[in-house]
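Descriptive analysis of the structure
What follows is each chain in one-letter form.
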Amino acid sequence: MAPVARPPWGPSRGRAGAGSWQWARTAQTQRALLDAARAVFTGQGFADASIADVVERAGSSVGSLYHHFGGKSELFIALWQDYQQAQEADASEAVARARKAGVTDPFELFSAGARAFMEGCWQRRDLAVLFSDGDGPPGFEVMRRRRGREWLGQNDALLRLSDTSFDRLYVTILTTLIGEGSREVAAAGSRRQADRVIDAVIEYVRLLMTGGAWWPPARNDRPEGG
């Protein structure tokens, strides 16, 4: 399960106060386990990591980990979901800021979100590498592909494309470019190299978006005189 997004404050007296304290403790425990899982999984990989290593680093217990997440595989998935939520929040907030500033051009909006997403990959490069190297629990790749299709739909809505094979191909190319660029950013040896990759990806996006999606020229297949 994903960590409970429950605020650590609330009424200070009676049963409501006790419940608020319990939610705060739950969130803190989950956060500690996720932070420990990040260190252990990125350092050892999923296959070689052990639950004992995670709970020792978190200062928790095996029983607590199973209570909050269900096991090693579920903890890995929860960490991935946490990463995805952070990445999506970065991109969405960047697009919202651009719109608030009066930006309406599709390229500028798409680029704002793409740049924020790739910068997030640099900031969270340990996780970006972890989730792209193929070392995950059974079924994880299926979840990643499903998330990729959702990402296509979000970009399609942002660009306001029609439901045609050419527009679907267009948004797939753009989305794949951002995904591959993000992997290159995460693998970069320095911030300067990461910034150069991000700039290159945005320039490729600009070139691809100039003129919009490609459409075949109109054809008249009827024979002359027909």
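On a predicted model such as this, the values are computed, not experimentally measured, just so you know.

For the coordinates displayed, the defined rule picks out nine aromatic pairs. Taken together, a centroid distance of 5.4 Å and an interplanar angle of 70° make the contact between Phe-41 and Phe-76 edge-to-face. Linking Phe-41 in helix α1 (residues 14-44) with Phe-76 in helix α4 (residues 72-100), this pair joins segments that are 35 residues apart in sequence. Between Lys-72 and the ring centre of Phe-46, over which it is positioned, the NZ or CZ distance is 4.6 Å. Positioned above the aromatic ring of Trp-122, the side-chain terminus of Arg-125 is 3.8 Å from the ring centre.

The next subject is the pattern of salt bridges. On inspection of all chains with the given rule, the structure shows twelve salt bridges. Ionic pairing is found between Asp-35 and Arg-31, a salt bridge with its closest N-O pair at 3.2 Å. You can see Asp-35 and its partner Arg-31 sitting in helix α1, four residues apart, about one turn around the helix. Among the residues examined, Arg-31 registers a relative accessible area of 34% and is labelled partly exposed.

Once that is clear, we can look at helix α5 (residues 106-123). Think of an α-helix as turning once every 3.6 residues; residues three or four places apart then point the same way. Along its 18 residues, α5 runs 26 Å from first to last C-alpha, staying within 8% of the 26 Å computed at 1.5 Å per residue. If you check which residues of α5 are buried, you get Phe-107, Leu-109, Phe-110, Ser-111, Gly-113, Ala-114, Ala-116, Phe-117, Met-118, Gly-120, Cys-121 and Trp-122. Close packing links the buried residues of α5 with α4, α6 (125-132), α7 (140-159), α8 (165-187) and α9 (191-209). Measuring from the side-chain oxygen of the N-cap residue of α5 to the backbone nitrogen of Phe-107 gives 3.1 Å; that N-cap residue is Asp-105.

Criteria and thresholds
Residues numbered from 1 in each chain as written. Predicted model: local features only at pLDDT ≥ 70, side-chain atom pairs only at ≥ 80, totals over all residues. Heavy atoms only, no water. Phe/Tyr/Trp six-rings, centres within 6.5 Å; stacked < 30°, edge-to-face > 60°. Helix = DSSP H or I, 4+ residues; strand = E, 2+ residues; numbered from the N terminus. Lys NZ or Arg CZ within 6 Å of the ring centre and 35° of its normal. Salt bridge = Lys/Arg side-chain N within 4 Å of Asp/Glu carboxyl O. Buried < 20%, exposed > 50% of the residue type's maximum accessible area, 1.4 Å probe, protein only. Expected span 1.5 Å × (residues − 1). Contact = heavy atoms within 4.5 Å. Polar contact = N/O pair within 3.5 Å; in protein donor to acceptor, adjacent residues only side chain to side chain.

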